[in-house]
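Below are the chains, spelled out letter by letter.
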Amino acid sequence: GAIATSHLFYHDDVRRHGSGNAGLTNFYRNYGAKCAPMVIAFDMLKAVGAVLLGNYFLGYLLGWGAAGKYFGALFCVIGHMFPVFYGFKGGKGILCSGTLLLLLDWRIALVGWGAFVVLWLTTRYVSLGSVAAAVSLPFTTYFVFHNTACTVLGTCISLLVLWAHRSNIKRLLSGT
């Protein structure tokens, strides 16, 4: 979303500025709030499309059930982090993952978003809330669906988000 919006509205590449990340935070820091809703809309629509397609083709037509949504969600995160059309250099997957939580199940979203909000408000670290939400996904998936395929796919999503946040995690652990 941030790459497309920076190209579309500013004829620029957000990755050439600030942290070099293709996420909403870097976009906002470099371009301000004017077009930030477009970044949010792009990333959310991307997530909605992926989950709906996965749910329909894999969940409904092939009978995978909820695992179809998780498969679509996993590939949405992969595509967000490693976009083919942008040299495989994308964002950290938080905005699309947060949207995915809402699409997978309301209980999963409640735990993930709840952890994010509580940690963000109490520590003022967005990355800590994001990491906690990612860590919660495999556990809440297991308790909600009791499905091995969904839990494995949820774990893959969580690991991808944690991997993307490895530098943030190092800074959090060192207190910087």
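Presented here is a report on the structure given in the accompanying data block. Just so it is clear, the structure is predicted and the values come from calculations on it, not from any experiment. Position labels on residues start from 1 in each chain and follow its written sequence. A pLDDT threshold of at least 70 governs which residues receive local features in this predicted model, and a stricter bar of 80 or more applies before side-chain atom pairs are shown or counted, although totals over entire chains, interfaces and linings include all residues. The side-chain numbers reported here are obtained from all heavy atoms of the structure, hydrogens and water having been left aside.

**Topic: the nonpolar core**
Line of reasoning, step 1. Counting 26 residues, the largest nonpolar core has Tyr70, Val77, Leu100 and Leu137 as the members making the most contacts within it.
Line of reasoning, step 2. Contributing elements (two or more residues each) for this core: helix H3 (36-61), helix H4 (66-81), helix H5 (94-104), helix H6 (106-123), helix H7 (126-145) and helix H8 (148-164).
Line of reasoning, step 3. Comment: elements are numbered from the N terminus, with helices defined as DSSP H or I runs of at least four residues and strands as E runs of at least two. Counting residues per element, this core draws most heavily on H4, at eight residues.
Line of reasoning, step 4. With near-sequence residues (within four places) excluded, valine 77 lies in contact with Cys96, Ser97, Leu100, Ile157 and Leu160. Working definition of a nonpolar core: buried Ala, Val, Leu, Ile, Met, Phe, Trp, Tyr and Cys residues. They are joined through side-chain atoms within 4.5 Å. Each residue is placed in one exposure class: buried if its accessible area under a 1.4 Å probe, protein chains only, is under 20% of its type's maximum, exposed if it is over 50%, and partly exposed if it falls in between. We call two residues in contact when some of their heavy atoms are within 4.5 Å.

**So, the state of the cysteines**
Line of reasoning, step 1. In this description, a disulfide is simply a cysteine sulfur pair whose atoms lie within 2.5 Å. One pass over the structure, following the stated rule, counts zero disulfides.
Line of reasoning, step 2. Cysteine cysteine 96 shares no disulfide, and the gap to the nearest cysteine sulfur, in cysteine 76, comes to 4.3 Å.
Line of reasoning, step 3. For cysteine 150, which is in no disulfide, the shortest distance to another cysteine sulfur is to cysteine 156 and amounts to 12 Å.
Line of reasoning, step 4. Under the relative-accessibility criterion, cysteine 150 is labelled buried at 0%.

**A look at unusual backbone geometry**
Line of reasoning, step 1. Phi angles above zero are rare outside glycine, and arginine 124 is one such case at about 70°.
Line of reasoning, step 2. Counting through the fold element by element, arginine 124 comes out in the loop between H6 and H7.
Line of reasoning, step 3. With a phi close to 50°, histidine 146 is a non-glycine residue in the positive phi region.
Line of reasoning, step 4. For histidine 146, the location among the structural elements is in the loop between H7 and H8.
Line of reasoning, step 5. A relative accessible area of 55% means that histidine 146 is categorised as exposed.

What is shown is where atoms sit, not what they do.
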